[in-house]
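Architecture at a glance
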Amino acid sequence: MKHVLLAVSGPSGVGKGTMVKTIIERRSDVVESVSCTTRPPREGEVHGKHYFFLSREEFERRIQEDDFLEYDEHFGNYYGTPKSFVRETLKTKSVIMEIDVVGSLEAKKSFPECKLVMVVPPSVDELKRRLSGRGSETEEQIQGRLARMEYELSHKHLYDYIIVNDDLEKAIADLCKIIDGE
Ligand code: ADP
Ligand code: 5GP
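The following refers to the structure shown. (Residues numbered from 1 in each chain as written. Chains lettered and ligands numbered in written order. Predicted model: local features only at pLDDT ≥ 70, side-chain atom pairs only at ≥ 80, totals over all residues. Heavy atoms only, no water.)

We now examine the pattern of salt bridges. Pairing between side chains becomes possible if they bear opposite charge and their charged atoms approach one another. One pass over the structure, following the stated rule, counts 21 salt bridges. Here glutamate 73 makes a salt bridge to arginine 56, at a shortest N to O gap of 3.1 Å. Residue glutamate 73 is located in strand β5 (residues 68–74), and its partner arginine 56 is located in helix α2 (residues 56–64); the two are separated by 17 residues in the primary sequence. Residue classification places glutamate 73 among the partly exposed positions, given a relative accessible area of 40%. Take arginine 56: its relative accessible area is 32%, and that puts it in the partly exposed class. For glutamate 126, the salt bridge goes to arginine 129, with nearest N and O atoms at 3.1 Å. Pair noted here: glutamate 126 and arginine 129 are both in helix α5 (residues 124–134), with a separation of 3 residues, about one helical turn. (Salt bridge = Lys/Arg side-chain N within 4 Å of Asp/Glu carboxyl O. Helix = DSSP H or I, 4+ residues; strand = E, 2+ residues; numbered from the N terminus. Buried < 20%, exposed > 50% of the residue type's maximum accessible area, 1.4 Å probe, protein only.)

Spelled out as structure tokens, the structure:
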């Protein structure tokens, strides 16, 4: 069976993390891509599992060698998806990347086989409820994430698939169908 590379995007709080985590727990033929970063590990983070932690020099050397499907700088640190990890893993498993719209479009440029999936909420009110319900952001951060949503959703037309995450099990089944159908 052919293995696929999927980039899953969508507004914060829509449920991407929950969907991807559930699929990875249930299926041994799907893994999540491990990114490289120059930020120091947080307590409990493991090299090769949560991230590959690299020095700035090493990261920049790998940019020169064109080893990133996409990369970006957040809060003064580099983050990127290593082509070498993705290529090697695709020999035996499908790979899911949970990345934003900009990263997904970059990845598609350097790896055209990559399929872009956008997860959307059933309504804006429901998205607000999920963001508040998760309890991990302040009201101000929630407002920032909602503003960012408009930007993400304005790129919907560039995507290969749109999944509405209303019923979680159905959304998970939809994502599995894409993995199996590609
Ligand atoms: P994301 O990774 O897109 O930021 P999360 O996976 O953290 O979003 O989900 C945000 C919140 O919404 C979590 O509390 C999660 O349990 C909840 N959630 C996810 N999918 C659904 C759904 N279909 N219906 C109701 N709540 C959901
Ligand atoms: P954190 O430091 O909290 O783990 O991540 C900070 C930010 O970096 C998050 O917004 C996360 O989505 C982003 N990020 C993590 N990995 C990658 C990656 O491989 N590429 C890009 N472009 N962003 C990433």
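Following the structure, the description resumes.
With that settled, consider the packing of α5 against helix α6 (residues 139–153). Between α5 and α6, the least distance of the axes is 11 Å, while the angle of their chain directions is 145°. Relative to α6, α5 is oriented so that their crossing is right-handed. Only Ile142, Arg145, Leu146 and Met149 of α6 make contact with α5, whose side of the interface consists of Val124, Leu127, Lys128, Leu131, Ser132 and Arg134. Along the lines of polarity and charge, the residues of the contact of α5 with α6 split into 6 nonpolar, 1 polar and 3 charged. (Axes fitted to C-alpha atoms, helices over the stretch in contact; angles between N-to-C directions. Left-handed = near helix turned anticlockwise from the far one by under 90°. Contact = heavy atoms within 4.5 Å. Nonpolar A, V, L, I, M, F, W, Y, C, P; charged D, E, K, R; others polar.)

So, about helix α4 (residues 101–110). Burial in α4 covers these residues: Val101, Gly103, Ser104 and Ala107. Buried residues of α4 fall within an arc of 160° about the axis and therefore sit on the same side. The inward-facing, buried residues of α4 contact β1 (5–9), β5, β7 (94–98), β8 (115–120) and α6. (Arc of directions from axis to C-beta.)

Pairing within the open sheet is parallel, and its 5 strands lie in the order β2-β7-β1-β8-β9. Two strands lie at the open edges of the sheet, namely β2 (30–32) and β9 (161–164), each paired on one side alone. Put simply, the sheet's adjacent strands are angled 25° from each other on average, direction ignored. Bridge count for β1 against β8 is 4 bridges, and the pairing is parallel. By the bridge assignment for β8, alanine 7 is matched with leucine 116. (Pairing = 2+ DSSP bridges.)

A word on unusual backbone geometry. Here aspartate 66, not a glycine, exhibits a phi torsion of approximately 60°, which is positive. Tracing the sequence through the fold places aspartate 66 in the loop between α2 and β5. For phenylalanine 75, which is not glycine, the phi torsion reads 50° and is therefore positive. Taking the relative accessible area as the measure of exposure, phenylalanine 75 reaches 81% and is therefore exposed.

Before going further, it helps to spend a moment on the site of ligand 1. Taken together, 14 residues form the shell around ligand 1, and within it Gly13, Gly17, Thr18, Arg134 and Asn165 come nearest. With respect to ligand 1, the backbone of glycine 15 contributes an N or O atom lying 3.0 Å from an oxygen atom. In the environment of ligand 1, a nitrogen atom lies 2.8 Å from a nitrogen or oxygen atom belonging to the side chain of asparagine 165. Expressed as a share of its isolated accessible area of 570 Å², the protein-covered part of ligand 1 is 72%. At the level of elements, α1 (16–26) and α5 are the ones that each hand at least two residues to the shell around ligand 1. Broken down by element, the shell around ligand 1 gets its largest block of residues, 3 residues, from α1. Taken together, the residues that form the shell around ligand 1 break down as 3 nonpolar, 6 polar and 5 charged. (Near = heavy atom within 4 Å. Polar contact = N/O pair within 3.5 Å; in protein donor to acceptor, adjacent residues only side chain to side chain. Areas by Shrake-Rupley, 256 points an atom, 1.4 Å probe, with all protein chains shown as cover.)

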